[in-house]
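Structure assessment
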Amino acid sequence: MKLKHKRWILMASIISILTALFSGCASSREQVQIQRSTMQIPMLPTENNNILVAYFSWSGNAKAIAEQIAHETGGDLFEIRAITPYPDNYRETTRVARRELKSNTRPELTARVSDIERYNTVFLCYPNWWGTMPTPVFTFLEAYNFSGKVIFPLVTHGGRKFGRSLKDMQKLTPDALIGDGVSVSAMSRNPNGDPVVNTPNNDVTAWLNGLGL
């Protein structure tokens, strides 16, 4: 009887431990979906607020979110695109992106925002590449004077969220305000096996509402 009792206690302990572990995993998975940055500013005024929604997108995820933001805020869309296109193959693109970051490359872009002065709010959408922003986004941020503007970052990712991109953004735009941003997890897969985000994203809508937009 004592042996049975000890086995029962052991089994109960194992079940308790497994339950706790699975509960922790479920909680972490939910938190991955939307992650707010630690830098916050007051809500935006709803009047006289000119909005630019700039995005860099290789897979289409950041583009889809940027289009949602533009639709819901009335902002103007601008694509950050390098003159030299990235490979169609994902693995090759990651190799190119890593080389660019290591060499501190600033790819030339296909277009400029001709009237950046009239925008006081910039939504910046980009994927997490090697723990930070893709190098074309570095080029974009270095090309303009963001003094007095508010930049709201949105990153799509596969688990690393913002990485160090917010710190890099602050270095590149020291006179701008970096607002409350969100990271959107691209954990779903399309038929080709590529990560995708589903839009419209309700969490992004809630984020925009929280900013007063």
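See the structure shown above.
What comes next concerns the included structure. (Residues numbered from 1 in each chain as written. Predicted model: local features only at pLDDT ≥ 70, side-chain atom pairs only at ≥ 80, totals over all residues. Heavy atoms only, no water.)

A short note on unusual backbone geometry
Notably, N104 is not glycine yet its phi reads approximately 55°, a positive angle. Mapped onto the elements, N104 comes out in the loop between α3 (90-102) and β4 (121-127). Its relative accessible area of 53% is what places N104 among the exposed residues. (Helix = DSSP H or I, 4+ residues; strand = E, 2+ residues; numbered from the N terminus. Buried < 20%, exposed > 50% of the residue type's maximum accessible area, 1.4 Å probe, protein only.)

Quick look at the pattern of salt bridges
Side-chain pairs of opposite charge can arise whenever the charged atoms involved come near each other. Using the criterion set out here, one finds six salt bridges in the structure. A salt bridge links R118 to D76; its shortest N-O distance comes to 2.8 Å. Here D76 lies in strand β3 (residues 76-79) and R118 lies in the loop between α3 and β4, a separation of 42 residues in the sequence. What makes R118 partly exposed here is its relative accessible area of 38%. For D76, a relative accessible area of 30% gives the class partly exposed. In this structure, R95 and E92 form a salt bridge, with 2.9 Å as the shortest nitrogen-oxygen distance. Placement of both R95 and E92 in helix α3 is noted, with a separation of three residues, approximately one turn of the helix. Overall, the relative accessible area of 45% leaves R95 in the partly exposed class. In this structure E92 comes out as partly exposed when scored by relative accessible area, which is 26%. (Salt bridge = Lys/Arg side-chain N within 4 Å of Asp/Glu carboxyl O.)

Considerations on the packing of aromatic side chains
Per the stated rule, a full pass over the model turns up ten aromatic pairs. Between Y86 and W129, the aromatic rings sit 5.2 Å apart at their centres with planes inclined by 85°, giving edge-to-face as the arrangement. A residue pair is termed long-range when its members are at least 10 positions apart, and Y86 in the loop between β3 and α3 and W129 in the loop between β4 and α4 (135-142) qualify at 43 residues. Aromatic pair Y144 and F146: ring centres 6.1 Å apart, planes at 85°, arrangement edge-to-face. According to the relative accessible area criterion, Y144 is buried, its value standing at 11%. Ring pairs connect the aromatic residues F78, F140, Y144 and F146, which therefore count as one cluster. (Phe/Tyr/Trp six-rings, centres within 6.5 Å; stacked < 30°, edge-to-face > 60°.)

Observations concerning the packing of helix α2 (residues 61-73) against helix α6 (residues 202-210)
Running from N to C, α2 and α6 point in directions that differ by 40°, and their axes come no closer than 11 Å. When the axes of α2 and α6 are compared, the pair comes out oblique. The two elements α2 and α6 cross, and the hand of that crossing is right-handed. Contacts between α2 and α6 pair I65, Q68, I69, E72 and T73 from the former with V204, T205, W207 and L208 from the latter. Among the residues making up the contact of α2 with α6, the classes are represented as five nonpolar, three polar and one charged. (Axes fitted to C-alpha atoms, helices over the stretch in contact; angles between N-to-C directions. Parallel < 35°, antiparallel > 145°, perpendicular 65-115°, else oblique. Left-handed = near helix turned anticlockwise from the far one by under 90°. Contact = heavy atoms within 4.5 Å. Nonpolar A, V, L, I, M, F, W, Y, C, P; charged D, E, K, R; others polar.)

Quick look at the nonpolar core
One finds L124, Y126, F140, L141, I151 and M169 to be the most contacted residues of the largest nonpolar core, which totals 32 residues. Where this core is concerned, the elements lending two or more residues are β2 (51-55), α3, β4, α4, β5 (150-157) and α5 (165-172). No other element matches α4, which puts four residues into this core. Core analysis: the second largest hydrophobic core is formed by 21 residues, I51, V53, Y55 and L211 among them. (Core = buried A, V, L, I, M, F, W, Y, C linked by side-chain atoms within 4.5 Å.)

Geometry only, nothing functional implied.
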